[in-house]
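Architecture and fold: a report
What follows is the residue order along each chain.
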Amino acid sequence: MGEIKNVRRAALDILMRMEKENGEGYSNRLIDSAISKNSFEGADRALLSQIVSGVTERRITLDYVIGKFSKTPVEKLDTDARCLLRMGIYQLRYLDRIPSHAAVNETVNLARSRSRGFINAILRSYLRADNVKLPEKPDDLRLSVAYSAPRELAARLISLFGVA
C-alpha cells in the first residue's frame with residue numbers, strides 16, 4: 001500500500017502543477033516525467049496515468065459534484081484541497097477497482113493537517129449520498145456537467161444542433 005501513496009502523491013503533484021499553470025502543463029509529459037523519476041511500473045504506472053488523465057478530463061463534472069457537498073465554492077478552495085477532492089471523488093465515482101475506504105484514506109492522508117477534516121467530510125458525504133444527480137436544466141449546464149465540457153461549448157452545440 002506504500003507505493004500507492006507515492007503514486008497518489010505524484011498524481012497530486014502533477015495536478016497541482018497543472019492547476020497553478022492554468023492547464024498549461026502537458027499532462028502526458030508530466031506523467032512520463034513522474035514515471036521515470038519514481039520508476040513506476042505496471043499497475044502503479046497505470047494508476048498514475050488514470051488518475052491524472054481522468055481528473056483532467058472530468059474536471060467540470062468533478063467540480064460540480066464537489067460543489068454539491070462543499071459550502072465553499074470550488075474555485076475558492078486552496079489548490080491542494082481542490083486537487084485532492086477532485087482526485088478523491090474521481091476515484092470514488094469512476095474507479096471501481098479501488099475500495100472506497102482506501103480512496104478516502106489515501107486522499108485524506110495526502111492532505112495538509114488543516115484541511116484533512118474538511119476533505120474527509122466531503123468525501124464521506126459523497127459516499128453517504130445515494131446518487132448525485134446532474135442538473136436537468138438549463139440544457140447547456142446539463143450537457144456541460146454530463147460531458148465535462150465548457151458550458152460555452154455546450155451552448156454553441158445546442159444552438160447548432162438542438163437538444164436531443
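These notes cover the structure that comes with them. Computed from a predicted structure; not experimentally measured.

**Some remarks on the environment of Asn22**
Within the element layout of this structure, Asn22 appears in the loop between α1 (2-20) and α2 (27-38). According to the relative accessible area criterion, Asn22 is exposed, its value standing at 67%.

**With respect to unusual backbone geometry**
Excluding glycine, residues mostly carry a negative phi; peptide bonds, for their part, are mostly trans. Following Lys137, the chain continues into Pro138 via a peptide bond in cis, with omega recorded as -10°. Note on placement: Pro138 falls in the loop between α7 (113-128) and α8 (139-147). With a phi angle near 55°, Ser39 is a residue other than glycine that sits in the positive phi range. If you trace the backbone, Ser39 turns up in the loop between α2 and α3 (42-57). Residues other than glycine seldom take positive phi values, yet Ser148 does so here, at roughly 50°.

**Structural notes on a nonpolar patch on the surface**
Residues Leu153, Leu157, Leu160 and Phe161 make up a contiguous nonpolar surface patch of roughly 420 Å² in combined accessible area. Taking relative accessible area as the criterion, Leu157 reaches 40% and is therefore assigned partly exposed.

**Some words on the nonpolar core**
Ranked by size, the top nonpolar core spans 44 residues in total, and within it Ile14, Leu48, Val52, Met87 and Ile119 carry the most contacts. Among the elements of the structure, α1, α2, α3, α4 (59-69), α5 (79-94), α6 (100-110) and α7 are those that each provide at least two residues to this core.

**Observations concerning the pattern of salt bridges**
Scanning the model with the defined rule gives eleven salt bridges in all. Ionic pairing is found between Arg59 and Glu19, a salt bridge with its closest N-O pair at 3.6 Å. Of this pair, Arg59 sits in helix α4 while Glu19 sits in helix α1, and the two are 40 residues apart along the sequence. Using a relative accessible area of 38% as the deciding quantity, one classes Arg59 as partly exposed. Residue classification places Glu19 among the buried residues on the basis of a relative accessible area of 16%. Asp63 is the salt-bridge partner of Arg86, the closest N and O atoms lying 2.7 Å from each other. Of this pair, Arg86 sits in helix α5 while Asp63 is found in helix α4, placing the two residues 23 residues apart along the sequence. A single burial state applies to Arg86 and to Asp63, both of which are buried. One network of salt bridges, in which partners are shared, links Glu19, Arg59, Asp63, Arg82 and Arg86.

**So, the packing of α5 against α6**
Running from N to C, α5 and α6 cross one another at 170°; their axes reach a closest spacing of 9 Å. Here α5 lies roughly antiparallel to α6, going by the angle between them. Across from Leu84, Met87, Gly88, Gln91 and Leu92 in α5, the residues of α6 making contact are Ser100, Ala103, Val104, Thr107 and Leu110. Tallied by class, the residues present in the contact of α5 with α6 amount to six nonpolar, four polar and no charged.

**Details of the layout of surface pockets**
Estimated volume of the second largest pocket: approximately 230 Å³. Together, Asn6, Arg9, Ala10, Asp13, Ile14, Arg17, Leu30, Ser33, Ala34, Lys37, Asn38 and Phe40 line the second largest pocket. Of all the secondary structure elements, the ones that give two or more residues to the lining of the second largest pocket are α1 and α2. Of the residues forming the lining of the second largest pocket, the biggest block, six residues, is contributed by α1. Among the residues making up the lining of the second largest pocket, the classes are represented as five nonpolar, three polar and four charged.

Calculation rules
Residues numbered from 1 in each chain as written. Predicted model: local features only at pLDDT ≥ 70, side-chain atom pairs only at ≥ 80, totals over all residues. Heavy atoms only, no water. Helix = DSSP H or I, 4+ residues; strand = E, 2+ residues; numbered from the N terminus. Buried < 20%, exposed > 50% of the residue type's maximum accessible area, 1.4 Å probe, protein only. Patch = residues over 30% accessible without salt bridge, like charges linked within 9 Å, V, L, I, M, F, W, Y side chains within 5 Å. Areas by Shrake-Rupley, 256 points an atom, 1.4 Å probe, with all protein chains shown as cover. Salt bridge = Lys/Arg side-chain N within 4 Å of Asp/Glu carboxyl O. Core = buried A, V, L, I, M, F, W, Y, C linked by side-chain atoms within 4.5 Å. Axes fitted to C-alpha atoms, helices over the stretch in contact; angles between N-to-C directions. Parallel < 35°, antiparallel > 145°, perpendicular 65-115°, else oblique. Contact = heavy atoms within 4.5 Å. Nonpolar A, V, L, I, M, F, W, Y, C, P; charged D, E, K, R; others polar. 1 Å grid on protein atoms, 1.4 Å probe; cavity = no way out; pocket = protein on both sides within 12 Å on 5 of 7 lines; lining within 4 Å. Points joined across faces, edges and corners; volume = space filled by probe spheres on them.

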